[in-house]
Amino acid sequence: MDAEFAARQDRNPLLDAAGWRMFCFLHQHPRAPRWNYQVGDRLLAKDLPALHAYRQRIIQERPRWQPDPPDWLLAWVERLLPKVPLWRERLPAGFDPRRDWVHIPTSCREDIASRIEQLVPQNAELSRLIVYETNGTSTGHALDVPNHPAAVALNHPLLEFALSRHGVRPRFDAQHVACVNVGSEARTVTFANVFAAWNNAGFAKVNLHEASWSRDQARRFFAEVQPEFLTGDPVAFAAYADWAIDYKPMAMVSTATMLSAELKQHLEARHGCPVIDFYSTTETGPIAYAGPNGDGFSQLPPDLYLEILDPEGYPVEAGTLGEIAVSGGRNPYLPLLRYRTGDHARLDPAGNPQDPAPRLHDLHARAPVLFRAASGAPVHPLDIAYILRTQSWVQHELLQGADGSLRLTIRPGLIARIDRQALRDGFDVLFGKLPLEIIEDPQLGSNRPGGKVIAYRREQSPG
Amino acid sequence: MSGSNMQAPLLDSLTRRLAETPSVFLAEPRRGRRGQLEVAALVTDLLLTLGGDLLTPTQATAHTPRDKGERNRARLVAICCWLLHDETFRQRPELASPVETLLQSGLNELAVLIDAERFVTDLERREELVRRVLDWLGLCPAGESPHQAADRLGALDSVERERVLRATRARQEAARARQLKKQMQARQAREAAAKANREW
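Chain A appears in an unreviewed UniProt entry as AMP-binding enzyme from Thiorhodovibrio winogradskyi.

And the structure:
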């Protein structure tokens, strides 16, 4: 046991005896799903002061809208400008960010997909670098996003803040499971863990899929483990309801795609807890949360500058619909300068009585698209993304016609060829035998603002 | 271009002229519905003053920035238009053709490297721009031999300095890119760290 504990400390350096008991409780739980992944939080003692300071800062420094970039942002851009090759390439020497902010060229997912080495600051220390793979379900790029464990840990207090605004104060200690992240995909990682950022409280990522565990087992797992709150996407929460899991958490935090009002009401009525819509991406971290009175999304982090842009990258009038762009952030390997998220909203500069932070209204472009297999079974875009990820490509669009047929358009990577047979085989497994047309288009998305494409679309069947 | 029958231009008066560039020449170049300054009109005006021809529609289009990346070139062209309106150059039909090519393509490299306004606000960049323009037109500043002029321009040359810097930087950045790629592919990095929700 001691050897296992010591080995675990590689991944969870701040693991103590109580944390280890929680870890073992989850890991060895008889009703647990099949855990298929090993992961820790990699947080070190030296990271904790910044975490505690950030927790205070989020409460004390609510973001306030201002028409021009704030001083902290300009100082940050000036400090990083000589270190970030892509910025240097796009901004001539002597460029004045304060005077000419709106003329700074925007950046987008394609910059991360194809030029990450030009974005990572030249002086960044790489030894603790970690990598997240994103599937690009909404905007059509597969990405490898580098990050730092200490920066990832700062997302915890942002989530705590959103929960507290809904009156939810979970117990963050090694005697409780703080959170279970729910998925509902044919294939995904599942693991149990503890978070030092939450005093080694328990955490598990589970998958509501027959391949992972049975419905009965899942029901009993939730009842016995009793997580304080759940995170997941609307598709997963719909599966949670569908699997008739009765466990009532203190809150459900929904991310990834648009949460419909109907599903939110249904979940709230069924589980008697707030369902909190949370806006976050792997590239940016958390951006905004929906408050308890349903009045748009309030900006969460104080160290992010939000703009709403027109297709040419100029700010639109307050209250006009445009693309959300962010600058700043906490990821030391991915400094964001006017980064276009691909999501659209209207910005209301005024906060509300609960929170003075600017708010986003009509946040959209994240509506989930469910495809249908030949058998009529739903197919999640994340499962399609797993197949697409085997190929080197920049963007893709998948359209399912009303008759079920599929048309996949791929903008290939610069060097690699697309393995059409591998794609066909993968699609056959997911969809059964449906007609599939594969088109390679090197220009896909190039004529659209920010290169944005609608990655997943489905034609409605008549009637 | 001989320029032999021209009076040699005074360097100081031209750098002073740059320092005193009127704000109208520093206005935002027009692009679509944005900006106020019609750079193509400025260029046409200058070429007519020099005794040259009107711009063709294609040449005029080339002076309208298509995106933010081309904006700085248009700003630099506008500043050069002000500089070349000096009486040293005015009504010299032999300059019309080299001026046209200078404004059309001769400033491209510089515009990528240096913010245009620096050629107004910064002493060294003012001298560089004046010397570069004179060199393009085959002229020497008063009191300097061609050799001295070339030597001094070489010392100020932003493009050449950047070329040397870039060569060094390219080697460092290539090494850095390899290191980053290796680190991003490392097993430990791919195991990432747990996240309480998928998207952050």
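The discussion continues.
(A) Structural view of the overall build of chain A. Counting its secondary structure elements, chain A contains 14 helices and 20 strands. If one aligns the C-alpha atoms of chain A with their principal axes, the spans along those axes are about 60 × 55 × 45 Å. Counting all 463 residues of chain A, 59% fall into the buried class. Counting contacts in chain A only where the partners sit at least 6 residues apart, residues at least 24 apart contribute 65% of the total. Positive and negative charge centroids in chain A, built from 49 and 54 side chains respectively, lie 2 Å apart.

(B) Broad picture of the pattern of salt bridges. Counting across every chain of the model gives 57 salt bridges over all chains. Taken together, the salt bridges that share partners define one network made up of Arg99 and Asp100 of chain A together with Glu28, Arg71, Arg75, Asp115 and Glu117 of chain B.

(C) Region of interest: the interface of chain B and chain A. Taken together, the contacts link 36 residues of chain B with 63 residues of chain A. Buried area between chain B and chain A, both sides added, is near 4,300 Å², and the carbon and sulfur share of it is 51%. Of all residues in chain B, Lys68, Arg176 and Trp200 of chain B give up the largest surface area on contact with chain A, accounting jointly for 19% of the area buried on that side. Applying the counting rule to chain B against chain A returns 34 residue pairs in polar contact (both at pLDDT 80 or more). Elements represented by at least two residues in the side of chain B that touches chain A include exactly α4 (68-84), α6 (108-113), α10 (158-185) and α11 (187-190) of chain B. For the side of chain B that touches chain A, the element with the highest residue contribution is α10 of chain B, accounting for eight residues. Of the residues in the side of chain B that touches chain A, the class split is 13 nonpolar, five polar and 18 charged.

Rules used in this analysis
- Here the residue index of a chain counts from 1 through its sequence in written order.
- Lettering for chains starts from A, numbering for ligands starts from 1, and both go in the order in which the items are written.
- Residues qualify for local features only when their pLDDT is at least 70, as the model is predicted, and side-chain atom pairs are given and counted only at 80 or more; totals for whole chains, interfaces and linings, by contrast, use all residues.
- To get the side-chain values, all heavy atoms of the structure are used, and hydrogens and water are removed first.
- Secondary structure elements follow DSSP: runs of H or I no shorter than four residues count as helices, runs of E no shorter than two count as strands, and numbering proceeds from the N terminus.
- Exposure classes here rest on a 1.4 Å probe applied to the protein chains alone. A residue is buried below 20% of its type maximum, exposed above 50%, and partly exposed in between.
- Only heavy atoms matter for contacts: two residues are in contact if any of them lie within 4.5 Å across the pair.
- Charge counting treats Lys and Arg as positive and Asp and Glu as negative, with His and both chain ends excluded.
- For charged residues, the charge sits on one atom: NZ in Lys, CZ in Arg, CG in Asp, CD in Glu.
- Salt bridge criterion: a side-chain nitrogen from Lys or Arg within 4 Å of a carboxyl oxygen from Asp or Glu.
- Joining two parts hides part of their accessible area as seen by a 1.4 Å probe, and the buried area is that hidden amount summed over both.
- Nitrogen and oxygen atoms within 3.5 Å of one another constitute a polar contact, given that in protein one can donate a hydrogen and the other can accept it, and given that sequence-neighbouring residues count only through two side-chain atoms.
- Amino acids are sorted into nonpolar (Ala, Val, Leu, Ile, Met, Phe, Trp, Tyr, Cys and Pro), charged (Asp, Glu, Lys and Arg) and polar (every other residue, Gly among them).

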